[in-house]
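The chain contents come next:
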Amino acid sequence: LNNNKPLISTSSHHYIINIMPKPAAEAVKAEGNALFKGGKYAEAIKKYEQAAALDPSVAAYHSNAAACWEKLGNYAEMKREGEECIKADRNFVKGYFRLATALKNLGELPACIKTLENGLGVQSTNPDLKRMKKEIQESQRQAQVKAYCTKAEEQMQNGDIAGSMKTLDLASRLDAGNPQLEAMIGKVKPKYEAMEAKRKANLSGPELWKEKGDEEYKAANFEGAITHYSKALSALENSGKASSPIALKAYSNRAACYKQISNFDGTISDCTAVLEVEPENVKALIRRAQAFEGVERYRFALQDVKTVLQMPFHKVGKANFDLCNGMQHRLNRTVAQLKAMK
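The rules behind the values
- Residues numbered from 1 in each chain as written.
- Predicted model: local features only at pLDDT ≥ 70, side-chain atom pairs only at ≥ 80, totals over all residues.
- Heavy atoms only, no water.
- Helix = DSSP H or I, 4+ residues; strand = E, 2+ residues; numbered from the N terminus.
- Rg over C-alpha atoms; globule rule 2.2 N^0.38 Å.
- Buried < 20%, exposed > 50% of the residue type's maximum accessible area, 1.4 Å probe, protein only.
- Contact = heavy atoms within 4.5 Å.
- Areas by Shrake-Rupley, 256 points an atom, 1.4 Å probe, with all protein chains shown as cover.
- Lys, Arg positive; Asp, Glu negative; His and termini not counted.
- Charge placed at Lys NZ, Arg CZ, Asp CG, Glu CD.
- Axes fitted to C-alpha atoms, helices over the stretch in contact; angles between N-to-C directions.
- Left-handed = near helix turned anticlockwise from the far one by under 90°.
- Nonpolar A, V, L, I, M, F, W, Y, C, P; charged D, E, K, R; others polar.
- Phe/Tyr/Trp six-rings, centres within 6.5 Å; stacked < 30°, edge-to-face > 60°.
- Lys NZ or Arg CZ within 6 Å of the ring centre and 35° of its normal.
- Patch = residues over 30% accessible without salt bridge, like charges linked within 9 Å, V, L, I, M, F, W, Y side chains within 5 Å.
- Salt bridge = Lys/Arg side-chain N within 4 Å of Asp/Glu carboxyl O.
- Expected span 1.5 Å × (residues − 1).
- Parallel < 35°, antiparallel > 145°, perpendicular 65-115°, else oblique.
- Core = buried A, V, L, I, M, F, W, Y, C linked by side-chain atoms within 4.5 Å.
- Polar contact = N/O pair within 3.5 Å; in protein donor to acceptor, adjacent residues only side chain to side chain.

Draft legend 1. Region of the structure containing the overall build of the protein. Helix and strand counts for the protein stand at 17 helices and zero strands. Taken over the C-alpha trace, the protein has a radius of gyration of 31 Å; the compact-globule value for 342 residues is 20 Å, which it surpasses by more than 25%. Counting only C-alpha atoms, the protein reaches 90 × 65 × 35 Å along its principal axes. Counting the 342 residues in the protein, one finds 41% classified as buried. Residue pairs in contact within the protein that sit at least 24 positions apart in sequence constitute 54% of those at least 6 positions apart. Accessible area for the protein stands at about 19000 Å²; split by element, carbon and sulfur atoms hold 52% of it. Side-chain charges in the protein split into 51 positive and 40 negative, and the spacing between the mean points of these groups amounts to 2 Å.

Encoded structure:
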């Protein structure tokens, strides 16, 4: 409680600037420490505030006041003192612990994690900060899994079996083997499998091949996925449905597979097939631009990127806009360098 020095080892690259607190401030702090030990936290706070007023550069005074507010259960004031502590000395690690403790109890978990990370930036090995960060992340994970299970239950009750299964899949990625989660899967999975079997029984050959392709893609078996998509497309072309919605999806997905295995010519061909029907298909334009860049056809790549950037922002989306903006700058530089070499 009464240690003015930051919790930093002597091997740290951070140094204590104010190593000689003012004697008058230290005397007042000592009175506060005595009150703290006696359980008189409100009175101790006043002493620490007096000490901080006498010497604002000592973080420990704010840290001790924060400890008193914690004892009193006033986490809003603890948060304030924790912030003041860090302002006084950003290398005083206990300040981050005090502030994080307050934020945790206030339910401000994202800010708590950020504070802990900032503290670990000062002292990466601090056990208190590492332990609290691990506890918070585990708590967040469990809360998320519980929320997923609740949502899946509601979806199942409302007849959205597919949605419920998808939600449970997300939960499984966070906590496979969780008893509550496994119980929910046991209820939903049989209904989902029965529903899927009925749905697939009514699918055409191309639709089945396309779905098999999707499954292989998800399993990262891109060559296998290409085989299934190709079967679907061949059947659709033979029946005069090469421009149907399912054909466009198969072309788009096969283009993604070709891109994954660096078959850029295949990517360009399939994206072009999509764009002949849907000239403003953002995904196809971006994929084709990336493939054009891969085969050093920079001007064609630039043209596709510019087409995307000229579309309404809401249609393109921020992630795609930022991606294309970055590509445009890179491609412009490349084209300029090639011109200069001629």
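Draft legend 2. Highlighting the packing of helix α15 (residues 298-309) against helix α17 (residues 318-341). One can describe the packing of α15 onto α17 by two numbers: an axis separation of 9 Å at closest approach and a directional angle of 150 degrees. The two elements α15 and α17 meet at a crossing, and its hand is left-handed. Every residue of α17 that contacts α15 at Tyr298, Arg299, Ala301, Leu302, Val305, Lys306, Val308 and Leu309 is listed here: Phe321, Cys324, Asn325, Met327, Gln328, Leu331, Asn332, Thr334, Val335, Leu338 and Lys339. Looking at the contact of α15 with α17, its residues break down into 12 nonpolar, four polar and three charged.

Draft legend 3. Representation of the packing of aromatic side chains within the structure. One pass over the full model with this rule turns up four aromatic pairs. Look at Phe36 and Tyr41: their rings are 5.2 Å apart centre to centre, the planes differ by 65 degrees, and that puts the pair in the edge-to-face class. Judged by its relative accessible area of 16%, Phe36 falls in the buried class. Measuring from ring centre to ring centre gives 5.3 Å for Phe313 and Phe321, while their planes differ by 65 degrees; the resulting arrangement is edge-to-face. With relative accessibility at 26%, the residue Phe321 sits in the partly exposed group. Geometry around Phe300 places Arg297 over its ring, the cationic atom sitting 4.8 Å from the centre.

Draft legend 4. Examining a positive patch on the surface more closely. A surface patch of positive charge is lined by Arg299, Lys306, Lys339 and Lys342. Following the sequence through the fold, Lys306 ends up in helix α15.

Draft legend 5. Examining α17 more closely. For α17, spanning 24 residues, the distance from its first C-alpha to its last is 35 Å, which sits close to the expected 34 Å at 1.5 Å a residue. Residues of α17 that are buried sit in contact with α14 (282-294) and α15.

Draft legend 6. Molecular detail of the packing of helix α13 (residues 264-277) against α14. Contact geometry of α13 with α14 gives a least axis separation of 9 Å together with a crossing angle of 150 degrees. Overall, the two elements α13 and α14 adopt an arrangement that is roughly antiparallel. The interaxial crossing formed by α13 with α14 has left-handed handedness. Across the interface between the two elements, Phe264, Thr267, Ile268, Cys271, Thr272, Val274 and Leu275 from α13 touch Ala284, Leu285, Arg287, Arg288, Ala291, Phe292 and Gly294 from α14. For the contact of α13 with α14, a count of residues per class yields nine nonpolar, three polar and two charged.

Draft legend 7. Looking closely at the environment of Glu182. Checked against the element boundaries, Glu182 lands in helix α9 (residues 179-201). Looking at Glu182, the relative accessible area reads 41%, which means it is partly exposed.

Draft legend 8. Representation of the nonpolar core in the model. Grouped together as the largest cluster of nonpolar side chains are 37 residues, with contacts concentrated most on Cys257, Val305, Val308, Cys324 and Leu331. Those elements that place two or more of their residues in this core are α11 (222-238), α12 (245-260), α13, α14, α15 and α17. Excluding residues within four positions of it along the chain, Cys257 makes contact with Tyr217, Phe222, Ala225, Ile226 and Tyr229. Formed by 14 residues, the second largest nonpolar core is a distinct cluster that contains Leu99, Leu103, Leu129 and Ile136.

Draft legend 9. Inspection of the environment of Tyr258 at higher detail. Among the secondary structure elements, Tyr258 is positioned in helix α12. We classify Tyr258 as buried; its relative accessible area is 14%. The spatial distance from the C-alpha of Tyr258 to the C-alpha of Ile226 is 7.8 Å, given a sequence separation of 32 residues.

Draft legend 10. Quick peek at the pattern of salt bridges. Within this structure, the stated rule accounts for 22 salt bridges. One salt bridge in this structure joins Lys87 and Glu84, with 3.6 Å as the shortest N-O distance. With Lys87 and Glu84 both in helix α4 (residues 75-88), this residue pair falls three residues apart, about one helical turn. Glu135 is the salt-bridge partner of Lys104, the closest N and O atoms lying 3.8 Å from each other. In this pair, Lys104 sits in helix α5 (residues 93-105) while Glu135 sits in helix α7 (residues 127-157), placing the two residues 31 residues apart along the sequence. The structure contains a network of salt bridges with shared partners spanning Glu77, Arg80 and Glu81.

Draft legend 11. Structural view of α14. A rise of 1.5 Å per residue sets the reference length of α14, with its 13 residues, at 18 Å; its end C-alpha atoms lie 18 Å apart and thus fit the reference within 8%. Counting buried residues in α14 gives 10 out of 13 residues, a clear majority hidden from the surface. The set of residues buried in α14 consists of Val282, Ala284, Leu285, Ile286, Arg287, Arg288, Ala289, Ala291, Phe292 and Glu293. Where α14 is buried, its residues contact α12, α13, α15, α16 (313-316) and α17. Of the residues that open α14, the one with a side-chain oxygen 3.3 Å from the backbone nitrogen of Lys283 is Asn281. Phi for Glu296, located one or two positions after α14, is positive at around 65 degrees.

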